[in-house]
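Chain by chain, the residues run as shown.
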Amino acid sequence: MFDKKVLMVCLGNICRSPLAQGILEKKIILHGLNWTVDSAGTGRYHVGNPPDVRSIDKAREYGIDITKQRSRQIEVSDLDLFDVILTMDSSNYQSVMGLAKNKSQRDKIKLILNYVYPGQNMAVPDPYYDDSFQRVYDLLNAALDQLIAKVEAF
Ligand code: 4NP
């Protein structure tokens, strides 16, 4: 059994959430944590596809291999299966909230950047059209450092 199961969620599950998964997987190993991480999209346009090549390249720059990931759509059962569900923007957040059936499920759903900018409900920008993959990497990396620091403080 894992101590914590984390699900990253964006729209297409090809740009932001695969990168977030890869970054956290590396940190899990570095910190010796017994956690697992997966990712999913609220949409199904890219189901079965590998991550966007720009996310693959950005991850590779930091020694992270995300090439084996495949896009999938979030399912209602994920809200029970995972302990924490980290969304990238308010649209993803609202979509996942719309799937939740009870308070226990709703309490798991967070905006990932609230770990670095508490209460500000900031979005990880969608890099699909504007190519902002470095900014996305930096934001996700900072947020995931804070997530680990918060949990390890207990
Ligand atoms: P992601 O980026 O949600 O970070 O995976 C996107 C990928 C694809 C599309 C939009 C955003 N799309 O419209 O196809």
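Help me understand the nonpolar core, please; the structure alone is not making it clear to me.
The tendency in soluble globular proteins is for nonpolar side chains to be buried side by side. Counting 30 residues, the largest nonpolar core has Met8, Leu24, Leu86, Ile112 and Leu140 as the members making the most contacts within it. Where this core is concerned, the elements lending two or more residues are β1 (4-10), α1 (16-30), β2 (35-41), α2 (53-61), β3 (84-87) and α7 (133-152). Top element by residues in this core is α7. It accounts for eight residues. Beyond its immediate sequence surroundings of up to four residues, Leu24 is in contact with Val6, Met8, Trp35, Val37, Leu144, Leu147 and Ile148. Ranked by size, the runner-up nonpolar core spans 11 residues in total, among them Val9, Ala40, Leu79 and Ala100.

What should I look at first to understand the site of the ligand in this one?
The full set of residues close to the ligand is Cys10, Leu11, Gly12, Asn13, Ile14, Cys15, Arg16, His46, Asp126, Tyr128 and Tyr129. Contacts to the ligand include His46, whose side-chain N or O atom sits 2.7 Å from an oxygen atom. Protein chains bury 91% of the 350 Å² of accessible surface belonging to the ligand in isolation. Across the shell around the ligand, the residue classes break down as six nonpolar, three polar and two charged.

How each quantity is defined
Residues numbered from 1 in each chain as written. Predicted model: local features only at pLDDT ≥ 70, side-chain atom pairs only at ≥ 80, totals over all residues. Heavy atoms only, no water. Core = buried A, V, L, I, M, F, W, Y, C linked by side-chain atoms within 4.5 Å. Buried < 20%, exposed > 50% of the residue type's maximum accessible area, 1.4 Å probe, protein only. Helix = DSSP H or I, 4+ residues; strand = E, 2+ residues; numbered from the N terminus. Contact = heavy atoms within 4.5 Å. Near = heavy atom within 4 Å. Polar contact = N/O pair within 3.5 Å; in protein donor to acceptor, adjacent residues only side chain to side chain. Areas by Shrake-Rupley, 256 points an atom, 1.4 Å probe, with all protein chains shown as cover. Nonpolar A, V, L, I, M, F, W, Y, C, P; charged D, E, K, R; others polar.

Keep in mind that these numbers describe shape and distance, not what the molecule does.
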